[in-house]
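# Observations on the model geometry
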Amino acid sequence: MPSKPTGTTAGRSSGAILDAREERWLRKRALAADTGASVLSLGLNLPGGDKNPPGAKELLTALSSAMDGILDAARPGWRPLHDEWIESADGPFRLLATAIPARTLKRLAMELEGAHPFGRLADADVLAPDGEPLSRRDLGLPPRRCFLCGEEAALCRARSSHPADAVWRYVQRALDSALALSGHPPAGDAS
């Protein structure tokens, strides 16, 4: 039976998650200011209160590797000006600063959703060198899609279109796949 997300897991309260999100925001802004470069924050879009379930680091590693491949294909020879992996109450994430223009970086980050089997679980935020975030709307891109039905994710959440256990089964399959790829046993039953 897969472990189900809860409001407070392993000592991680919703307050700790909110604090971690604020810290991430401040780090991204400081990195943009310090480097004068575009910043990519790559994390996981996991439902529930446990943002660090077994397999989270491995899934982020797999998504990050796919993101590097997308960047390499678009900009052969690119190198990050800054590359940092961070673990927080809001889950693991990677911060990259790069000379790739922010609008291009955002488009490439959105490619990850379709390029990886679990790319819809990627949370890829891009800040311009001035520290301003770029949204999908800024680039004329469609809203994020639900990983279960393909409808607009915000609408599915607002309507509670899917039972929580169906959402968690999808997430658990992604986490278990990432664990298996890294040579670890699955954390839950992905059936």
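Residues numbered from 1 in each chain as written. Predicted model: local features only at pLDDT ≥ 70, side-chain atom pairs only at ≥ 80, totals over all residues. Heavy atoms only, no water.

## Focus: the overall build of the protein chain
- Across its full length, the protein chain holds five helices and five strands.
- Taken from N to C terminus, the helices and strands of the protein chain fall in the order α-β-α-β-β-α-β-β-α-α.
- Its C-alpha radius of gyration of 16 Å places the protein chain within 12% of the 16 Å reference for a compact globule of 191 residues.
- Counting only C-alpha atoms and orienting by the principal axes, one finds that the protein chain spans roughly 45 × 35 × 35 Å.
- In the protein chain, buried positions account for 43% of the 191 residues.
- Within the protein chain, contacts between residues at least 6 apart in sequence are counted, and of these 67% link residues at least 24 apart.
- Carbon and sulfur atoms provide 53% of the accessible area of the protein chain, an area that totals close to 9,500 Å². (Helix = DSSP H or I, 4+ residues; strand = E, 2+ residues; numbered from the N terminus. Rg over C-alpha atoms; globule rule 2.2 N^0.38 Å. Buried < 20%, exposed > 50% of the residue type's maximum accessible area, 1.4 Å probe, protein only. Contact = heavy atoms within 4.5 Å. Areas by Shrake-Rupley, 256 points an atom, 1.4 Å probe, with all protein chains shown as cover.)

## Some words on the pairing of strand β1 (residues 38-44)
- The buried fraction of β1 amounts to seven of the seven residues, a majority that puts the element mostly inside the structure.
- The side-chain alternation of β1 yields two buried faces, one formed by S38, L40, L42 and L44 and the other by V39, S41 and G43.
- Of the pairings in the sheet, the one linking β1 to strand β3 (residues 93-98) comprises five bridges and is antiparallel in character. Counterpart to L42 in the pairing with β3 is R94.
- In terms of strand pairing, β1 meets strand β4 (residues 122-127) through six bridges, oriented antiparallel. When the sheet's bridge partners are listed, G43 is paired in β4 with D123. (Pairing = 2+ DSSP bridges.)

## Some words on the pattern of salt bridges
- The full count for this structure, using the stated rule, is 10 salt bridges.
- When the shortest N-O distance is used, the salt bridge between K28 and D125 registers 3.3 Å. Highlighted residues: K28 in helix α1 (residues 14-35) and D125 in strand β4, separated in sequence by 97 residues.
- Since its relative accessible area comes to 6%, K28 is described here as buried.
- For K57, the salt bridge is made with E87, and the minimal N-O distance between the two is 3.5 Å. Placement of K57 in helix α2 (residues 56-74) and of E87 in the loop between β2 (82-86) and β3 is noted, with a sequence separation of 30 residues between them. (Salt bridge = Lys/Arg side-chain N within 4 Å of Asp/Glu carboxyl O.)

## Quick look at the sheet that holds β1
- One open sheet holds the five strands; their spatial order is β2-β3-β1-β4-β5, and the pairing between them is antiparallel. The two strands at the open ends of the sheet, each matched to only one other strand, are β2 and β5 (133-134).
- As paired strands, β2 and β3 are joined by five bridges and run antiparallel to one another. Along β3, the bridge assignment pairs H82 with A97.
- Across the face of the sheet, α1 comes into contact with β1, β2, β3, β4 and β5 while running at roughly 20° to β3.
- Contacting β1, β2, β3 and β4, α2 runs over the sheet at an angle of about 145° to β1. (Axes fitted to C-alpha atoms, helices over the stretch in contact; angles between N-to-C directions.)

## Points about the packing of α2 against helix α3 (residues 102-115)
- Close contact between α2 and α3 brings their axes to 9 Å; oriented N to C, the two are set at 125°. Put simply, α2 runs oblique to α3. Here α2 and α3 pass one another in a crossing that is right-handed. In this structure, α2 uses L63, A66, M67, I70, L71 and A74 to contact α3, whose residues at the interface are L105, L108, A109, E111, L112 and A115.
- By residue class, the composition of the contact of α2 with α3 is 11 nonpolar, no polar and one charged. (Parallel < 35°, antiparallel > 145°, perpendicular 65-115°, else oblique. Left-handed = near helix turned anticlockwise from the far one by under 90°. Nonpolar A, V, L, I, M, F, W, Y, C, P; charged D, E, K, R; others polar.)

## Looking at the side chain of S64
- Summarising the element assignment, S64 is placed in helix α2.
- Separated by 2.4 Å, the side chains of S64 and R94 make a polar contact. (Polar contact = N/O pair within 3.5 Å; in protein donor to acceptor, adjacent residues only side chain to side chain.)

## Some words on unusual backbone geometry
- The phi dihedral of S160 falls on the positive side, at around 50°, and the residue is not glycine.
- With respect to the helices and strands, S160 occurs in the loop between α4 (153-159) and α5 (164-181).

## Thoughts on the confidence of the model for the protein chain
- Summing up the model confidence of the protein chain, the mean pLDDT is 88 and the portion of residues at 70 or higher is 92%.
- With pLDDT under 50 throughout, residues 1-11 is counted as low confidence; its partners more than four residues away or in other chains account for 23 contacts. (pLDDT = per-residue confidence, 0-100.)

## Regarding the environment of R169
- Mapped onto the elements, R169 comes out in helix α5.
- In this structure the C-alpha to C-alpha distance between R169 and P76, which are 93 residues apart in sequence, comes to 37 Å.

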